[in-house]
Each structure stands twice: as structure tokens, then as C-alpha cells.
Amino acid sequence: MKQKKEKNNLTKNLFSEAEKIKYNSNYLRGTILKDLKNTITNGFTGDNYSLIRFHGMYQQDDRDIRKERMDQKLEPRHAMMLRCRIPGGIVKPYQWLEIDKFSNENTIYKTIRLTNRQTFQFHGIFKKDLKKVHQMLSKIGLDSFATANDVNRNVICTSDLTVSSIHKFTYKWAKKISRHFLPKTNAYAEIWLDKKKIVIDEKEPILGKTYLPRKFKIAIAIPPNNDVDFHANDIALIAISKNEELLGFNVLVGGGLSIEHKNHNTWPSLAMEFGFVNLSDILKVLEGIVTVQRDWGNRVNRKNAKTRYTLHKFGIKKFIAEVEFRSKTKFKVIKPYIFSNRGDSFGWNQNINKKWNYTLYIENGRLIEDKRKIKSGLFKIALIHDGDFRITANQNIIIYGISEKNKSNIEKIIFEHMKINDISKLQKMSMACVSFPTCPLAMAEAERVLTSFIQKIDKIMEKYNLVEETIIVRITGCPNGCARSLLAEIGLIGKSLDRYDLYIGGNKIGTRIPRLYRENYSLSKIIKVINPMIKRWSLERLSNECFGDFLIRVKIIKNVSNFPSNFWKK
């Protein structure tokens, strides 16, 4: 009786509904199993709507037909989006064949969506097929556990093949870090894989009973290519090597891009340098950072619950001191590092082991059987490929480790299905989030308008003899930052249908936040605003000066600095 009373008092003292849901979830089980048996609705009810996110799923509906169903007195067409956990983004051909098969046979849209966290999403899975997808993933050695909600998400690492001798080490660390921070509960296996419940006193030694205050992201980058946008992560690890040996990581903390329109208590932030850490100490230090955020993070206001707000509240010196105390490790002086480029290197290149790679551009990361037939082309390649596939942090895919004997056959399939010669440089460097019709947070279109928007900018670039140049352009359908618009040179954030806030002044290598330039503009109006800027850039730029640097140099926009106060000032 006394224990029950103490539990009730503790529950009353939890500060938000989200915290109560986690506390009362019985380590993420909730009543999900009961909901799965409920055939009256295709959705999840009560707390389970939130809890399934810890298992890698979001409940969505097709917003294109929402009104039609309301008029027919029907509930929304609920279906789930599932996001797989693939630290480092490497998928074997046999895995890809099963992934493709499931998308064709068991999803509404029959597509595979590559994400900028080096994984894929299925959109449109009915509740009755959820166990089927989890059991399929388990059969091929994958899962979706902890790819959403208040946990450490999919750990990403560079796919830059010019430094492939180091990549094999960073990839191993991405997997090791992902495994280290996975929730220890057996809930996923019990619910989706029909494993027997383990009758023990479960603990979450790292994440705690109420897990983290908000989502948490970790990225590993290998200079000089910032292909993972390391500044968008709670923890950024910069690989430091010597003579093709990984020595350790520079550790940066507190990056993040999500905001709320007009809410000056929210802001994006670049990750801040903490120091260099040897490989032998890195897990202890990362655990120290995660547990400080667990204990010090804001559990009252979720809009201010990310690591960057904790760091701002307590100060970098106090945060570092606490991490050093918990990890019993001292940060060393940051090792020198330079980033000079960003993005993926398309087409053919050869590994140091003399095998071949082909980096394929995937429009908006959406693998769909359109006129180019890229989806079926990748399926054909998976049938004969003796290497692997590597999903990049820019929504593209690398056909990696192609043997000499297979090169001509794969090249033939690529030529028939996947020619990228007609794709502009601008388009290859652009990105959009999913947004409509499936994302419940979407305020404006993103994926479905990016290509036409880029084509208009391409015409401007051609007009001013800039076809060999590029500008980092990104569109996000809401302020949550999934397409990383706040690390772009031209970033659009949706506010309502065909209305966006325009941010400009980021840089080519992804180390500067852009500033708000125009509010609530239509896409056509944004094109008119951008046109004279590009014209002026073509006439007045310095040698190798990127578009964002030019805008700041000629004072079209002011540099963003001194977070957070400086971000919202025009």
C-alpha cells in the first residue's frame, strides 16, 4: 500500500503529460498488445499513440483524403509510418530484396523513403500488418526500435568514400554507440516478435524510467566532407586520424535546428566544441553527456527540452565539468580539423581495394516506380550485387563494393533505369522533408514541390551563366527541421499552404545558420526575391565565393551569431 501511494504521488508530480505517459508505460509496453486486437479502429488509442513511437512508428493518415472521409462520417484512414534502425546506413542486398518486397505487398503507397538519417521509412502500413513488418525486419537482422520519441535516434556516420579507409572504423563506432544507448526493456521483442515476457525488475540504467526529455541525435563526421550536417546533432563526433588509424573524436555538443514560428524562446544552434576524447574513453564520455541531459533537461516544456537549451541554461563550463565528473575523464584540447565541402559524390568512383561504387541520386529520397523505374532497377541490382548498399545522410544511395565481374551488368541496369545526367547540380544538393500528405505536423508542401521549385532556380542560374555552380536549397514543411533548412543557403520553412518563411545566408559547408529574410511568402514570390540576388552574385562574387557568403559580405543579410538573442533579429 505504501509503495502504491508513493507511486501515485510521484506520478502527480511529473511535470507534463508526455512524462506521465512514459512513467506509466511499464517500460514502453503500455496497452499496445490490447490495441493490436482492436479491429474497430485502425489507429492506436490513448497513451499508445505516443508509445508506438518508441518502437519506431508514427500514426498518420492521408491528409489528401481526410475531408472526404469526414464527409462520409468515417475516421481518418489511419496507417503507420515505420522508420528502421540502421546505424551507419549499410544494407545488404538480401535485406534490400525483403524491404522492397514488403513495400510492394504491404504498404499503401508501395514506396521506400530514404531519410537524411541514413535509414528508410515505410509509409502506409495498416495496423493488421505491423507484426508482419517487425518480424520481417527481425528475420533479416534489422529492427525499428528507438528510431523515434525521447531516445537516441539512428546514429549516422559519413559515407564519404574518399576516406573509406577510416570509414570502416567510424561505421563500427556508429553501431557500437547505437547499441550502447538502446533502451534495455524487452517490450519491443514481447510485442512485435512474440517473445515471452521476462519477469524481472527491469531497469534503464542510462535512459531512466522516463527516458530522455526529448529526442537525441548523434552523428560521426570525417573531415573534410560534412555530408552528415554534424551541427544538426545533439552530439557531433569529428573523427581524428593519423596514418589511416582512428585516434579518437573531437566532441561537439548541443546542435539542433527545430524552432517554433515567432516563438523567440526557441532557436537553432550549432554544436559547441567540448574537446578531444581518445577512443578508449569515448563511450564513458558520451554516456556522461546523455545522462546530464537526462537529469538536467527540461521536462516541463518540451519546446525547450533539447540539449542545446540545457547547455544554454547551465552554461558550457558547468555542463563540461559535470560530464567530466560522471565519466571520470578530462576533455583534451580540440584537435585541428577543416571541412571544405558537403554532400554526396555522384556517379562512379573506385575504392582503395579496387572495387567500384556508384552513388545514385534519389529525388527527395523517394523510391517509387515512376518513368525512371529506379525502384525496380535497385531490385535487379540487389539480385546480383556482391557488395552492399549505403544510404547517405542526403537521401541518396551508394551501390558499394561492386566487383569487376559485376560492373558491366550493374552499369547496364543503371543506364536503363537510373541515368543522372539530366539532374542539375542544384537539384542533387537540394533536400525536402516528407510533409504532405502523410506527416501530421505538415503546414505546407515540401517533397511534392521541391523539384519544380529547383527547376525555376535552375533557369535563373542558367540565365546568369551559373550552371556549373550550386546553392544549398532545402524545404521543410514545418519548423521541426527534418530537411535541415536552417543549415541551407536558401532555406524555406512552411507556415501554411503555399506560404513559407525564407531564410538565407547559410554557407556551403553547413557551419552557419541562415537568418529569416521574408515571412509568409508564396513560392512564386520567393523566386522573385531570389532572382536579383543570384544576378548580383553572378556579377559581384569573389573567386569561389559561395552564395551564402556573398549575401553576408554585401550585407543583404546579417550573419547569425551570439545565440540565442541574435537569431531572431533582422
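What counts and how
- Residues numbered from 1 in each chain as written.
- Predicted model: local features only at pLDDT ≥ 70, side-chain atom pairs only at ≥ 80, totals over all residues.
- Heavy atoms only, no water.
- Salt bridge = Lys/Arg side-chain N within 4 Å of Asp/Glu carboxyl O.
- Helix = DSSP H or I, 4+ residues; strand = E, 2+ residues; numbered from the N terminus.
- Buried < 20%, exposed > 50% of the residue type's maximum accessible area, 1.4 Å probe, protein only.
- Pairing = 2+ DSSP bridges.
- Axes fitted to C-alpha atoms, helices over the stretch in contact; angles between N-to-C directions.
- Left-handed = near helix turned anticlockwise from the far one by under 90°.
- Contact = heavy atoms within 4.5 Å.
- Nonpolar A, V, L, I, M, F, W, Y, C, P; charged D, E, K, R; others polar.
- Right-handed = clockwise from strand over helix to strand, strands pointing away.

## Topic: the pattern of salt bridges
Moving on, step 1. Counted under the stated rule, the structure contains 39 salt bridges.
Moving on, step 2. Of the charged contacts, one joins Arg 299 and Glu 19 as a salt bridge, the two residues approaching to 2.7 Å between their closest N and O atoms. Residue Arg 299 is found in the loop between helix H10 (282-296) and helix H11 (307-314), and its partner Glu 19 is found in helix H2 (residues 17-23); the two are separated by 280 residues along the sequence.
Moving on, step 3. By relative accessible area, which is 16% here, Arg 299 ends up buried.
Moving on, step 4. A salt bridge links Asp 64 to Arg 448, with the shortest nitrogen-to-oxygen separation between them at 2.9 Å. With Asp 64 in the loop between strand E1 (57-61) and helix H5 (66-71) and Arg 448 in helix H16 (residues 447-463), this pair connects stretches of sequence that are 384 residues apart.
Moving on, step 5. What makes Asp 64 partly exposed here is its relative accessible area of 48%.
Moving on, step 6. On the basis of relative accessibility, which here comes to 42%, the residue Arg 448 falls in the partly exposed class.

## Some points on the pairing of strand E14 (residues 388-391)
Moving on, step 1. Residue alternation in E14 divides its side chains into two sets, Asp 388 and Arg 390 and Phe 389 and Ile 391, and both sets are buried.
Moving on, step 2. For E14 and strand E15 (residues 397-402), the ladder comprises four bridges, and the chain directions are antiparallel. Bridge pairing links Ile 391 to Ile 397 in E15.
Moving on, step 3. Taken together, E14 and the strand that follows it, E15, pair antiparallel across an intervening segment of five residues, in which Gln 395 is found at a positive phi of about 70 degrees.

## Description of the packing of helix H6 (residues 93-106) against helix H13 (residues 374-384)
Relative placement of two packed helices is described by the angle separating their axes and the distance separating the axes.
Moving on, step 1. Where H6 meets H13, the closest approach of the two axes is 9 Å, and the angle between their N-to-C directions is 145 degrees. Where H6 crosses over H13, the handedness of that crossing is left-handed. Here H6 contributes Pro 93, Trp 96, Leu 97, Asp 100, Ser 103 and Asn 104 to the contact with H13, which in turn contributes Lys 375, Leu 378, Phe 379, Ala 382 and Leu 383.
Moving on, step 2. Across the contact of H6 with H13, the residue classes tally to seven nonpolar, two polar and two charged.

## Overview of the pairing of strand E17 (residues 473-476)
Moving on, step 1. With burial as the criterion, each face of E17 is covered, one bearing Val 473 and Ile 475 and the other bearing Arg 474 and Thr 476.
Moving on, step 2. As judged from the two bridges shared by strand E16 (residues 431-432) and E17, these two strands associate in the parallel manner. The residue of E17 that forms the bridge with Met 431 is Arg 474.
Moving on, step 3. Once you follow E16 into H16 and on to E17, the crossover reads as left-handed.

## A short note on the sheet that holds strand E4 (residues 112-114)
Moving on, step 1. Taken together, five strands build an open sheet; the order of strands is E1-E2-E5-E4-E13 and the sheet is antiparallel. Each edge of the open sheet carries a strand with a single partner, namely E1 and strand E13 (366-367).
Moving on, step 2. Bridging between strand E2 (residues 78-83) and strand E5 (residues 120-125) involves four bridges; their strand directions are antiparallel. Residue Met 80 lies in a different strand from E5, and its bridge partner there is Ile 125.
Moving on, step 3. Taken strand by strand, H6 contacts E4, E5 and E13, and its axis lies near 25 degrees from that of E5.

These values are about where atoms sit, not about what they do.
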